[in-house]
Structure formats: structure tokens, C-alpha cells
Amino acid sequence: MRNSSRNRSIGDATARAYRRTGRYASGMTPSSSAGLRWGILATGGIAHAFAADLRTAGLDLVAVGSRRAASARSFADEFGVSRAHGSYEELAADPDVDIVYISSPHPAHAENALLMIAHGKHVLVEKPFTLNAAEAAAVRDAAADKGVLAMEAMWTRYLPHMVRIREIVAAGTLGEIRALTADHTQHLSDDPTHRLNDLALGGGALLDLGIYPVSFAWDILGAPVTVSVSARIGETGADTEVATVFAHASGAVSTSLSSSRAAGPNTAHIIGTDARIDIDRVWYSPTSFRVTATDGTVLEEYTSEVQGRGMQYQALAAEELVAAGRTDSGILPLEESVAIMASLDEMRRTIGVHYPSEDSNG
């Protein structure tokens, strides 16, 4: 079992609230909140989900930016946002915005994050953090130079059930962890123009879906020391199914399966010599899990009690970090986001998936 020395706390009071109820105390807003003024960049489906959860948590959403003024205005009207900007540059220049959630397609993440950072904004960047490791490192370096928070929006890591799972693992309840497995499989569009099938938009199951189980394996077992990957490539050249096998420094192995063309169980399991954790569908969203001993005794059952989708927890964690004067997440350090992107780069090289925008970036 990996015993990490990094600070994985989200704050003692917050962690206690997680354990008690699966939600933050006092209306889900931690007492150490920085009271940040949020902006949202881009107005797609994930931006709508995030905005709804910001409102659920009572956080201050003040601005939205889109490449089209009409989209920004419609989004602002839907969520009661006071300022709608018709360009990302206008959003970056808004003096009343402290932090920006970047929800554009991932080929634009680095460019959009760098623009916001250059204007002194903190950034919460949708997963995958960028298109590749080189872009991730550029964002990391720019944030360090400006002294602002840059954080990958891998919202699963901040969910209450994942907080509890890390506590169970750290306590040694499972014994020696021998294996981990997870799938992220959905029946999505086979339209070649859909972003998941368009290489120009960073299409493919690995970066959009596989990032979840890959990041989960890193979270529980640390960086893999060897990586094996197999994939099925679709008509457009984007990967539609990806299977991975990782070996970790502890000796544990992890496997994952991702698909954009077929829906599977979407469950996850951590298997140790003394007990296992079975995380129910859909494991990367607020859900339930059981800890079961090797003799079949159920040691713990956990059910999430979360309002909304659960994306507010990463936002609350970002506020807590800024309030504490910190510019990096202990739950998902920026260096780990960069390293995960490097691992994904290597997997893409193995399966032969290359993005057109990378030609100009080397």
C-alpha cells in the first residue's frame, strides 16, 4: 500500500463535514471560504452543470464569457449572472472576477488558461487538464510565475465518497492492495463530427473518458512504473475503446476500460489482502460503496448525500486553498496533473492517436 507524504487534506473542518453527512456544513460553504468571484469560460453542457452546482453551494458566480455574445447572454440569463462577455478576452479583463472555470474543449484549455493567468486570475481547468504534457507544463509554469492557483477540475477526487475511500486506504483496512480496476464506458454518438470523434477537437475515449479511471489509479496507487495499452480506433482515427494495464511501485496492478460506443457497468474496485472496496455505479459520481472483508463480512457501507451533481466540492476546495494562501491542491497537485498528461501522451503514441494541433507545437 502506498503511504503518501503529501498533504491530501481538504481542511479538518471540511473533512469532518464530509464524513458526517456527505456535504459541507453550514449550507455546504466552508468557514474558510475565500469568497471568490467566479467566472465561467465557455457555455457548453459541462459549464451548465458546474454553474448549477455553484448556485447549489451558494458561491458567487458573477460573469460568463463566450466567443458569441448571444451564448454568453443566454447563459447569464439562465443562471442570473450579472455580466455576459462576448469574448474570452473581455472575461479575462473583468476586474471583478477572481477565478475562472475553463470549460472549453480540451485543445483550447492551455490557451484559455494562459490568458486568464496572464490577467492574474486563478483557474480551475476542466479535465483533461490540457491536450498534452507540454501544454500542462506551460500552464503550471505560468501559474507559478503569477502566484495564482491552477487546478485540474478532476471533480471525482473531491467527492465525499472518494474522501472516505482515501481514509480507509490510509488506515490499512484493506491490507496490502493487490489490484484496482475501473471502467468508464458510455454509448455516445458515432457521428464523425461529434467532438468525441473529431481529432481536431481532441476526440477519443482516452482523454475524455479514460482520464477518470487513469487518474483514479494514480490517486490510490501512485504513478505506474509500467504501462500497457490496447485500443480500437474508429473511422475518424479517434480511439473508441481503450484498455490499460498499469504496474505500480508497490507491486499492485490496475486495469481500466474506456469506451465511447458501448455502455458498461461503470463500477470500480480496490482489492486488498484483508478486504476490498466495491464502488457502485456510477463510481466517478456521487454514489455508494461497501468495504467487504475476505470472509464476506461487510465492514462498512457508505451512501453519498450530495445536492446537485457534486461539482461544487472542487470549487469549495479551490476557495479553501486560496483562503489559505495556497496555489496548489493537495488532493491533485499540479505536478501530478502534468505527469498524468505525460502518461496519456505515451499511451496515445502507443495506439497511434495524434492530434492535428500538435503538429505546430512540436
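Residues numbered from 1 in each chain as written. Predicted model: local features only at pLDDT ≥ 70, side-chain atom pairs only at ≥ 80, totals over all residues. Heavy atoms only, no water.

Caption draft 1: The arrangement of the pairing of strand 8 (residues 224–233) in detail. Pairing geometry for strand 8 and strand 9 (residues 239–248), over 9 bridges, is antiparallel. If you follow V229 over to strand 9, its bridge partner there is T244. Hairpin connection of strand 8 to strand 9: 5 residues between the antiparallel strands, including G237 at a positive phi of 95°. (Pairing = 2+ DSSP bridges. Helix = DSSP H or I, 4+ residues; strand = E, 2+ residues; numbered from the N terminus.)

Caption draft 2: Expanded view of the environment of L54. Take L54: it is sitting in helix 3 (residues 45–57). Classification of L54 as buried rests on a relative accessible area of 0%. For the pair L54 and F79, spaced 25 residues apart in sequence, the C-alpha separation works out to 10.0 Å. Leaving out residues up to four positions away in the same chain, L54 has contacts with W38, L59, L61 and A315. (Buried < 20%, exposed > 50% of the residue type's maximum accessible area, 1.4 Å probe, protein only. Contact = heavy atoms within 4.5 Å.)

Caption draft 3: The arrangement of unusual backbone geometry in detail. Cis geometry is found at the peptide bond from K127 to P128, where omega equals -15°. The omega angle of the peptide bond from R281 to V282 is -10°, so this bond is cis rather than trans. Counting through the fold element by element, V282 comes out in the loop between strand 12 (275–279) and strand 13 (288–293). Not every positive phi belongs to a glycine, and A42 is a case in point at roughly 85°. Along the polypeptide, A42 turns up in the loop between strand 1 (37–41) and helix 3. Positioned with a positive phi, N266 is a non-glycine residue whose angle comes to about 55°. Tracing the chain through its elements places N266 in the loop between strand 10 (253–259) and strand 11 (268–272).

Nothing here speaks to function; it is all geometry.
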